[in-house]
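Fold and geometry: a report
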Amino acid sequence: MRVCIPTDSPGGPESPVAKSFHESDFLDFYEQAADGRFALYAQIRNCAGTCKDNVETIVRRGIETVIVNDATANTLHRFTVSGVAVYRALGGPSTNSLEALKTDGLSRLGRIKS
């Protein structure tokens with residue numbers, strides 16, 4: 001599984017999940033190994049929409065899951081229709097949310113009702 005988490009500086013596993021998707025300092029990209037552990041494999045600086053479309057960047061990277069504290073309704077919709085699951089983060093460092101994701105301990109956001 002590939003996961004993206006918007007974080008505050010300095011980014012990385014021990015950084016907190018950003019309060020807002022659009023105002024994060026970094027986008028951290030993780031991949032889950034066969035043993036269940038998540039490893040950070042890429043990080044990009046977020047320029048708050050001034051240089052790229054972060055939703056499109058995440059979708060094009062083949063990310064399956066995004067963990068956020070907050071995102072706009074439009075952002076949630078765009079992820080959902082693109083097949084990206086969006087979950088609400090836990091407090092503390094990103095690692096808390098990644099561990100909770102492994103055990104279905106996060107609340108899913110933005111589901112399309114059928």
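All values derive from a computational prediction rather than experimental measurement. (Residues numbered from 1 in each chain as written. Predicted model: local features only at pLDDT ≥ 70, side-chain atom pairs only at ≥ 80, totals over all residues. Heavy atoms only, no water.)

**Description of the environment of Ser-97**
Relative to the assigned elements, Ser-97 resides in helix α3 (residues 94-102). Beyond its immediate chain neighbours, meaning those up to four positions away, Ser-97 contacts Val-17, Ile-67, Ala-89, Leu-90 and Leu-106. (Helix = DSSP H or I, 4+ residues; strand = E, 2+ residues; numbered from the N terminus. Contact = heavy atoms within 4.5 Å.)

**Looking at the sheet that holds strand β2 (residues 26-32)**
Overall, mixed pairing links the six strands, which are arranged β3-β2-β1-β4-β5-β6 in an open sheet. With partners counted over all chains shown, the strands left at the sheet margins are β3 (38-45) and β6 (108-109), one partner each. (Pairing = 2+ DSSP bridges.)

**What to know about helix α2 (residues 73-81)**
If you check which residues of α2 are buried, you get Thr-75, Leu-76, Phe-79 and Thr-80. For α2, the angular spread of buried residues about the axis comes to 130°, placing them on one side. Exposed residues pointing more than 90 degrees away from the buried face of α2 are listed as Ala-73 and Val-81. (Buried < 20%, exposed > 50% of the residue type's maximum accessible area, 1.4 Å probe, protein only. Arc of directions from axis to C-beta.)

**Quick look at the packing of aromatic side chains**
The final tally for this structure, using the stated rule, is two aromatic pairs. A ring pair is formed by Phe-21 and Phe-79, whose centres lie 5.7 Å apart and whose planes are at 85°; its orientation type is edge-to-face. With Phe-21 in the loop between β1 (2-7) and β2 and Phe-79 in helix α2, this pair connects stretches of sequence that are 58 residues apart. For the pair formed by Phe-21 and Phe-79, the shared burial category is buried. Both rings, one in Phe-29 and one in Tyr-41, keep their centres 6.3 Å apart while their planes meet at 50°; by these two values the pair is tilted. Taken together, the positions of Phe-29 in strand β2 and Tyr-41 in strand β3 put the pair twelve residues apart, joining distant regions of the chain. (Phe/Tyr/Trp six-rings, centres within 6.5 Å; stacked < 30°, edge-to-face > 60°.)

**Considering the nonpolar core**
Among the nonpolar cores identified, the biggest contains 17 residues, and Phe-21, Phe-29, Ile-58, Val-66 and Phe-79 are the most heavily contacted of them. Non-local contacts of Phe-29, meaning those with residues more than four positions away in its chain, are made with Val-3, Cys-4, Ala-39, Leu-40, Tyr-41, Ala-42, Gln-43, Ile-44, Ile-58, Arg-61 and Ile-63. In this structure, Phe-38, Tyr-87, Leu-98 and Ala-100 belong to the second largest nonpolar core, which totals 13 residues. (Core = buried A, V, L, I, M, F, W, Y, C linked by side-chain atoms within 4.5 Å.)

**Observations concerning the pattern of salt bridges**
Oppositely charged side chains can form a pair if their charged atoms are brought close together. Taken as a whole and judged by the stated rule, the model has five salt bridges. Among the ionic pairs, Arg-78 bridges to Asp-53, the shortest N-O distance being 2.6 Å. On the criterion of sequence distance, the pair formed by Arg-78 in helix α2 and Asp-53 in the loop between β3 and α1 (54-60) is long-range, its members being 25 residues apart. Judged by relative accessible area, which is 29%, Arg-78 ranks as partly exposed. Where Arg-60 meets Glu-56, a salt bridge forms, and the shortest distance between an N and an O atom there is 2.8 Å. Of the two residues, Arg-60 and Glu-56 both sit in helix α1, four residues apart, roughly one turn of that helix. Given a relative accessible area of 69%, Arg-60 falls into the exposed group. For Glu-56, a relative accessible area of 34% gives the class partly exposed. (Salt bridge = Lys/Arg side-chain N within 4 Å of Asp/Glu carboxyl O.)

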